[in-house]
Amino acid sequence: MSLICAFFPLSGFAQSKSQNVEISLLSSAETVAPGESFYIALKQKIAPEWHTYWRNFGDVGDPTTIEWTAPNGVEVGAIEWAIPKRLPYAEFINYGYDGEVILPVKVTVPKDFKGDLVLKGDVAWLECKDTCVPGDGVVNLNLKVGTHKDAADKAIIDKALAALPKQLTNYKSTIVKDGERLFIGIENPELAKIKTAYFFPYEISGGALINHAAAQEVTVGDKGMGIYLTPSMSLPAQLPTEIKGLIEVETNSGKKVYEITAANNGQKLVGTFGQKPHASLNLAILFQSMLFAFFGGIILNLMPCVFPILAMKIFGLTKIAHKEHNHAKEYGVFYFVGVLVTFTILGGLIFALKAFGAAVGWGFQLQSPVFLMFLIALIFAVGFNLLGMFEIGTSLQGVGAGLGNQSGRAGALFSGILAVLVASPCTAPFMGVALGFAATQPAIIGLLVFIALGIGFALPFMVLTFAPSLLNKLPKPGPWLDAFKKVLAIPMFLTAGWLIWVLSATTGVIGIIAAIILGIFSALILHFTLKQNIQKLGFVAISLLAAVGIGYYFTPKANAQVAQKADYKPWSEEAVKTALSEGKIVFVDFTADWCITCKVNESTALKNEKVQQVFKDKNVEFLVADWTKKDDIIARALSSHGRAGVPMYLVYHSSEKEPVILPQLLTPQIVINAVEGK
């Protein structure tokens, strides 16, 4: 696409490859005098529903850049950015422009300059709607140097300059860490009368300052205003000495935008907080995130992690399907409560740990050897119970309980708790973005997302228990049921073996020995509590030792296989930059040994022969970010892409600044298309 922007005696034109953004170069001068300064401006005319980005693009995006070629001595300044708009998309908030934007640039000509003033600008931008497309183009300007003469476009540029944010005067501002949040206080008489406010931070080195999608809470005091911000997961441990940005305020006379600088001196300015709070929570984003969490919870029932528990739940339904329907309803309700309470507790733990500065996300508990050993012992106990080695009440899982008594309710409740604990290594579609949003919100907002996730996870099973016509189609109990119960022990023991393998990756042999001791100790407690005979206890202990031993036997082999693999390297931001500078395509696998979805994707997609051949043909650098053990750097990287857990897959092309984020469930074709840029 070619645009001609010509005015005599200067000539200017733009060449752009974009179909959605037209660019042109304006000048305030038709001819310029030696030694003077004047303004030119990049004009972007943006197609409906598309947008480009401000200097700080927000959660995702890329700002417009111009690389100038100019005669020696001619100074071409930086872009003077127009006031941005908030551009919400899904759970993100971006900053940028739509419609039309004028971006002024100051040019200074030296006093001894001779000849024509020829400027060339290589322009690059990112244009986005539902998808994003990199755009680039060239703008040129040729001006005569002599007696100054204004150009026809001077009025347009003057109007754009007049609309730029003004530096706030007669003020004092500081930024401090206040618990989980950042607080910017601004002493200024005018700001003590505002109705609402919003802070647009400038970019900082080392990571983003804030989570842009999080609510900004504004307070007004007698000396000015303050604003509470949720910090970004990629915020450097040490805040810069000063923070700059724009503060957009609404007063009785309308909206105004000021540029401010907040000093990091540890002072929280008295008189700027506490009297008139206002919340700018985007309810549409919250509702969308809760909806994503709800559907993600439904799909989570079909993920590999939940298969063992799903089988147990089917068994439980078989036991109650042909009894009084009220029993089935009660079972479903107590299961629902168990799921909801557990999701709420997990969410609460995440926010509690974040309050103490920990970088955690979904599945964080599986990074704890203590929790892993607890879960191993618990699942072994359930497995041996299914085999009939001992009985807990009338079956702790609730799969053999009469639902008219207390033990049946407790069993249903326990089934819900166990289902969530075993499901925690999995991340279903929709869950990633929802939990990424939740993890960056205040606790009360984030917990709403976790509750929506729990409702989605528990609802399908509870609905089934309320449907007599469906329950009646299940086979009636009989001798086959006892055999089926023993079969269900197999996936439980397989799950326990897998958890032992995960434990070995975090603790080595010491963790495995500890798991064995804990397993025996748990079996002893069960024996003496339930008054089973010593022969059964011995059988339990021997079986537990055998199962752990098998896990230990295979663990070194698995670790050796990982160590011997030469087709990937450890992930780091520097490794990505190095590979891209060498012209390579980069595939990053954010994974963990405890993430079953990750392992399924690895075996079905990443190890696929066609995928491996494409990686080889395209010279793909395969990097692995292993989150098996707690790693704050990986946690921040996940958060920076709107995710709270693994798996996450990124594909970088050297021609694009932002990576492609792949779905959480992979197929070979999805991977191949991403690598080939389709």
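Scroll up for the structure.
Residues numbered from 1 in each chain as written. Predicted model: local features only at pLDDT ≥ 70, side-chain atom pairs only at ≥ 80, totals over all residues. Heavy atoms only, no water.

### Examining the overall build of the protein chain
Part 1 of the reasoning: Scanning the protein chain from terminus to terminus reveals 17 helices and 28 strands.
Part 2 of the reasoning: Among the 678 residues that make up the protein chain, the fraction classed as buried is 51%.
Part 3 of the reasoning: Of the contacts made within the protein chain by residues no fewer than 6 positions apart, 74% connect residues no fewer than 24 positions apart.
Part 4 of the reasoning: Of the accessible surface of the protein chain, which amounts to about 29,500 Å², a share of 61% is contributed by carbon and sulfur atoms. (Helix = DSSP H or I, 4+ residues; strand = E, 2+ residues; numbered from the N terminus. Buried < 20%, exposed > 50% of the residue type's maximum accessible area, 1.4 Å probe, protein only. Contact = heavy atoms within 4.5 Å. Areas by Shrake-Rupley, 256 points an atom, 1.4 Å probe, with all protein chains shown as cover.)

### Describing the side chain of glutamate 621
Part 1 of the reasoning: Looking at the secondary structure, you find glutamate 621 in strand β26 (residues 620-626).
Part 2 of the reasoning: Looking at glutamate 621, its side chain comes within polar contact range of the side chain of lysine 584, at 2.8 Å.
Part 3 of the reasoning: When sequence neighbours within four positions are dropped, the list of residues in contact with glutamate 621 reads Lys569, Ala579, Lys584, Ile585, Val586 and Phe587. (Polar contact = N/O pair within 3.5 Å; in protein donor to acceptor, adjacent residues only side chain to side chain.)

### Some thoughts on the pattern of salt bridges
Part 1 of the reasoning: Inspection of every chain in the model, using the stated rule, returns 15 salt bridges.
Part 2 of the reasoning: Of the charged contacts in the structure, one is a salt bridge between lysine 256 and glutamate 190, with a shortest N-O distance of 3.2 Å. On the criterion of sequence distance, the pair formed by lysine 256 in strand β22 (residues 254-263) and glutamate 190 in the loop between β17 (181-187) and β18 (196-201) is long-range, its members being 66 residues apart.
Part 3 of the reasoning: Taking relative accessible area as the criterion, glutamate 190 reaches 30% and is therefore assigned partly exposed.
Part 4 of the reasoning: Ionic contacts of the salt-bridge type, sharing partners, join the residues Lys569, Glu582, Lys584 and Glu621 into one network. (Salt bridge = Lys/Arg side-chain N within 4 Å of Asp/Glu carboxyl O.)

### Notes on unusual backbone geometry
Part 1 of the reasoning: Of note in this structure, glutamate 49 is not a glycine but carries a positive phi near 75°.
Part 2 of the reasoning: Note on placement: glutamate 49 falls in the loop between β5 (37-46) and β6 (52-58).
Part 3 of the reasoning: According to the relative accessible area criterion, glutamate 49 is exposed, its value standing at 62%.
Part 4 of the reasoning: Phi angles above zero are rare outside glycine, and asparagine 619 is one such case at about 55°.
Part 5 of the reasoning: In this fold, asparagine 619 is placed in the loop between α15 (609-617) and β26.

### Re the nonpolar core
Part 1 of the reasoning: Counting 65 residues, the largest nonpolar core has Phe38, Leu117, Ile184, Phe199, Leu209, Met225 and Ile247 as the members making the most contacts within it.
Part 2 of the reasoning: Discounting chain neighbours no more than four positions away, the residues touching isoleucine 247 are Ile186, Ala197, Tyr198, Phe199, Met225, Lys256, Val257, Tyr258 and Ile260.
Part 3 of the reasoning: With 39 residues, the next largest nonpolar core counts Val624, Ala635, Val646 and Tyr649 among its residues. (Core = buried A, V, L, I, M, F, W, Y, C linked by side-chain atoms within 4.5 Å.)

### Topic: the pairing of strand β13 (residues 132-145)
Part 1 of the reasoning: Here 2 bridges tie strand β4 (residues 29-32) to β13, and the two strands are oriented parallel to one another. What sits directly across from valine 32, in β13, is valine 145.
Part 2 of the reasoning: Sheet topology places strand β12 (residues 117-128) next to β13; 12 bridges connect them, and they run antiparallel. Note on β13: the bridge partner recorded for valine 123 is glycine 137. (Pairing = 2+ DSSP bridges.)

### Focus: the packing of aromatic side chains
Part 1 of the reasoning: Here the structure, examined in full by the defined rule, presents 16 aromatic pairs.
Part 2 of the reasoning: Both rings, one in phenylalanine 343 and one in phenylalanine 457, keep their centres 5.8 Å apart while their planes meet at 75°; by these two values the pair is edge-to-face. One end of the pair, phenylalanine 343, is in helix α4 (residues 325-355); the other, phenylalanine 457, is in helix α8 (residues 443-465), with 114 residues separating them in the sequence.
Part 3 of the reasoning: On the basis of relative accessible area, phenylalanine 343 is assigned to the buried category, the value being 0%.
Part 4 of the reasoning: Put simply, the rings of Trp54, Tyr95, Tyr198, Phe200 and Tyr202 touch in pairs and so form one group of aromatic residues.
Part 5 of the reasoning: Taking NZ or CZ as reference, arginine 86 lies 3.9 Å from the ring centre of tyrosine 198, over its face.
Part 6 of the reasoning: A cation over an aromatic ring shows up here: lysine 268 above the ring of phenylalanine 183, its NZ or CZ 4.8 Å from the ring centre. (Phe/Tyr/Trp six-rings, centres within 6.5 Å; stacked < 30°, edge-to-face > 60°. Lys NZ or Arg CZ within 6 Å of the ring centre and 35° of its normal.)

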